[in-house]
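Chain and residue survey
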Amino acid sequence: MSLQFRLASRNLFHDRLRFIATIIGIIFSIVLVTVQMGLYVGFRRMVTTMIDHAPAQLWIMPVGTKCFEDPSLLDERQRFRALAVPGVAEATPLVIGYAQWRLPQGTTTPVFVVGSELRGLGLHPWNVVEGRLDDLSVPGAVAIDQTYFERLGITGVEQTAELRDRKVQVMAVSKGIRSFTTTPYVFTDVERARSYTGTPASKASYLLVRLAPEADLWKVQQGLRDSLGNVEVLTASEFRNRSRSFWLFGTGAGAALFAGALLGVIVGTVIVAQTLYSSTKDHINEFATLRAIGSSSRYIYTVIIWQALLSAIVGFAGAAGIGKIVAAATAESALPVIMTPMLTVALFLLTVTMCVGSAVAAIVKVMRIDPAMVFSR
Amino acid sequence: MTDVVLAATDLVHHLGQGAGRVQALKGVSLALKGGELVLLMGPSGSGKTTLLSILGCLMTPDAGTVHVGGHAVAGLDSEALAKLRRERIGFIFQSYHLFPTLNAEDNVRLALDVRGERARTAKAAAREVLGTVGLGHKRKSLPRALSGGEQQRVAIARAIVGKTQVILADEPTGALDTANGQAIMTLLADIAKDPSRAVLVVTHDPRILPFASRVVHIEDGRIVREEAVTESMKKVSNA
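Residues numbered from 1 in each chain as written. Chains lettered and ligands numbered in written order. Predicted model: local features only at pLDDT ≥ 70, side-chain atom pairs only at ≥ 80, totals over all residues. Heavy atoms only, no water.

Quick look at the overall build of chain B now. Helix and strand counts for chain B come out as seven helices and ten strands. Along the longest, intermediate and shortest principal axes, the C-alpha atoms of chain B span 50 × 50 × 40 Å. Counting across all 239 residues of chain B, residues that qualify as buried make up 52%. Counting only contacts in chain B whose residues sit at least 6 apart along the sequence, the fraction spanning at least 24 positions is 71%. As displayed, chain B offers around 10,100 Å² of accessible surface, 51% of which is attributable to carbon and sulfur atoms. Mean positive and mean negative side-chain charge positions of chain B (29 and 24 charges, respectively) differ by 6 Å. (Helix = DSSP H or I, 4+ residues; strand = E, 2+ residues; numbered from the N terminus. Buried < 20%, exposed > 50% of the residue type's maximum accessible area, 1.4 Å probe, protein only. Contact = heavy atoms within 4.5 Å. Areas by Shrake-Rupley, 256 points an atom, 1.4 Å probe, with all protein chains shown as cover. Lys, Arg positive; Asp, Glu negative; His and termini not counted. Charge placed at Lys NZ, Arg CZ, Asp CG, Glu CD.)

What follows is the structure, given as structure tokens:
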């Protein structure tokens, strides 16, 4: 074991109470950052979950559409113009919108209806755990997620309710299709979706486009723009980015999450800096002795940085453990805290950077040591 | 004939600022030859500690020159001075300045670790030197488990483990009883038998006179007298 490391660890662990306080501070700080960033990752995923699960390569939408949930409409006749563009294999309408769901007990709750053609290209529920997708062709059939059973007054398939005063029957149940807005998704056929949301028969929210094999995405996109005129044509990736941008930054939600994370970093930095500074001050005689016996500045800095790194490692281990617990506890919620491997690595690097950065004040203190003080103490 | 290992010429140094500014050294010259144990004696405030700090390259004089092992100190930056200290000067302090969280062996090892010596070599050297100062059996003890005399012996081991040319000791017996003080001075006198090394001891304690080869008296920032220690002086001191 390096003597610098030994000196650092002994300095750090010598005052156990202060060490524990530091570690709690780091854990608090990093858990705060973890939760904020985990929410950010979770939110990022949740806001594009519909786009992620739609098998479309291109999305045709009204000009100015900000996100998937945007209720603007386009003329469905655009579908035939789209099909005439070289490279387009399929173009199908998707209708979305809010509607009132009347529970069997008579109370109502808002739902978000997603309607697409049941055959071929369409946005269908995934992770179906009860019933079958094919059963959605039955008149009045809808699919819901089991997360919302209680909200919708449903306990399983074949149960009935009303949607915009029309009788509906749950014929398929999915697992894990949750909405970050907490409004339940209800999947159905496109025509019925129009009826439930009050969308005119000639309108659709989106046209989903699948390309012919070997068609060039960019050329088809440009061809659609030229041919269709007053609409926007985005790739799935572009639409994802636009949705994220709107929900995360257009609404201020992302900024709030980042602000919380920044606050965590500031709190952590101040706590670690204060600890390292006071530890250095307590051991100032030792650092002066080191300097007197000829240690280089680098040698002393290494001791202080080892202290910072040790704090970072112990603090991060605690914070990561708590982060995992939080992630597990929120996994089934509307807005889960998601810990990806990349986020974990990023948080570790952030912790190390924060702790090493905090060593600056201690290093400045040491730089000012007069080694001649060893004769006067 | 032995070489001069530490030389200071016409040292002038001021301490404090403004109205409190005082001239601590007023043209001090001193040379230490290899094989010498020199005592620097003088009343409080005479400039002993300032002179020791300058000779130890811990402080830069306002005027005058210092040569350590033939190397001029003037103009060196703090890192170069630190290098000079770790390679050529060993320090012994009145209050030992051991690292309370490191055991005796690690405290001694530090002097070699700051030089970048390999851990295995440094450990072996530290054990050997602790044996030399009679603490081979206490190498794993923390300073708090050692007596004052033992702590000072660890400090001496740290000062000599690097085989530096110059050992500067500030009141090394000041906090010790007579028996321990004699033991410490015996160790320092043994070091000074090496013709390539010199020991300068700042002290108030006349009982250690018999261990010295020369005594330098400083008063009011000036060296007022230098004398070789004679047998008669040793007898008087012992009496």
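That shown, we press on.
Residues and elements named next belong to chain B. Side chains I89 and F91 of strand β6 (residues 89-92) all project onto a buried face; the interleaved residues G90 and I92 project onto the opposite face, where all are buried too. Bridge analysis of β6 against strand β7 (residues 166-170) gives four bridges, and the strand direction is parallel. Its bridge partner being in β7, I89 is matched across the sheet by V166. (Pairing = 2+ DSSP bridges.)

Attention shifts here to the side chain of T65(A). All names here are of chain A. Mapped onto the elements of the fold, T65 is located in the loop between β1 (58-62) and β2 (74-75). Using a relative accessible area of 2% as the deciding quantity, one classes T65 as buried. Looking at T65, its side chain comes within polar contact range of the main-chain oxygen of P62, at 2.7 Å. (Polar contact = N/O pair within 3.5 Å; in protein donor to acceptor, adjacent residues only side chain to side chain.)

At the junction of the two partners, chain A supplies 26 residues and chain B supplies 26 residues. Here chain A and chain B share an interface that buries about 2,500 Å² over both sides, 62% of which is from carbon and sulfur atoms. Three residues stand out in chain A for area buried against chain B, namely L3(A), I293(A) and F375(A), and they jointly supply 31% of the buried area on that side. Here chain A and chain B share two salt bridges between them. Close ionic contact of D106(B) with R6(A) constitutes a salt bridge, the shortest N to O distance being 2.5 Å. (Buried area = accessible area lost by both parts, 1.4 Å probe. Salt bridge = Lys/Arg side-chain N within 4 Å of Asp/Glu carboxyl O.)

Residue and element names in this part refer to chain A. Considered domain by domain, chain A is made up of domain 1 (3-46 + 252-375) and domain 2 (64-229). Distance from the C-alpha centre of domain 1 to the C-alpha centre of domain 2: 48 Å. Facing seven residues of domain 1, the contacting portion of domain 2 comprises four residues. Summing the contributions of domain 1 and of domain 2, the shared interface buries around 510 Å²; its carbon and sulfur component is 59%. (Domains from an automatic or database assignment.)

Residue and element names in this part refer to chain B. Inspection of every chain in the model, using the stated rule, returns three cavities of 30 Å³ or more. The volume enclosed by the largest cavity comes to roughly 90 Å³. If one sorts the elements of the lining of the largest cavity by residue count, β6 sits on top with three residues. Of the volumes computed, that of the second largest cavity is approximately 40 Å³. Around the second largest cavity, the lining residues are T173, L176, D177, T178, G181, Q182, D205, R207 and I208. (1 Å grid on protein atoms, 1.4 Å probe; cavity = no way out; pocket = protein on both sides within 12 Å on 5 of 7 lines; lining within 4 Å. Points joined across faces, edges and corners; volume = space filled by probe spheres on them.)

On to the packing of aromatic side chains. Residue and element names in this part refer to chain A. Following the criterion strictly, the structure yields 19 aromatic pairs over all chains and no others. Between W126 and F187 the ring centres are 6.2 Å apart and the planes differ by 75 degrees, which places this aromatic pair in the edge-to-face class. Note that W126 is positioned in the loop between β4 (108-116) and β5 (128-131) and F187 in strand β9 (residues 185-189), a separation of 61 residues in sequence. Exposure class is identical for W126 and F187. Each is buried. (Phe/Tyr/Trp six-rings, centres within 6.5 Å; stacked < 30°, edge-to-face > 60°.)

All right, on to the nonpolar core then. Formed by 96 residues in total, the largest nonpolar core has its most connected members in L290(A), L51(B), L168(B) and L200(B). At 13 residues, the largest contribution of residues to this core is made by helix α2 (residues 16-46) of chain A. Beyond its immediate stretch of four places on either side in the chain, L200(B) contacts L30(B), L32(B), V38(B), L40(B), L52(B), L55(B), I167(B), L168(B) and A169(B). Counting 42 residues, the second largest nonpolar core, distinct from the first, contains A126(B), I156(B), L176(B) and V201(B). (Core = buried A, V, L, I, M, F, W, Y, C linked by side-chain atoms within 4.5 Å.)

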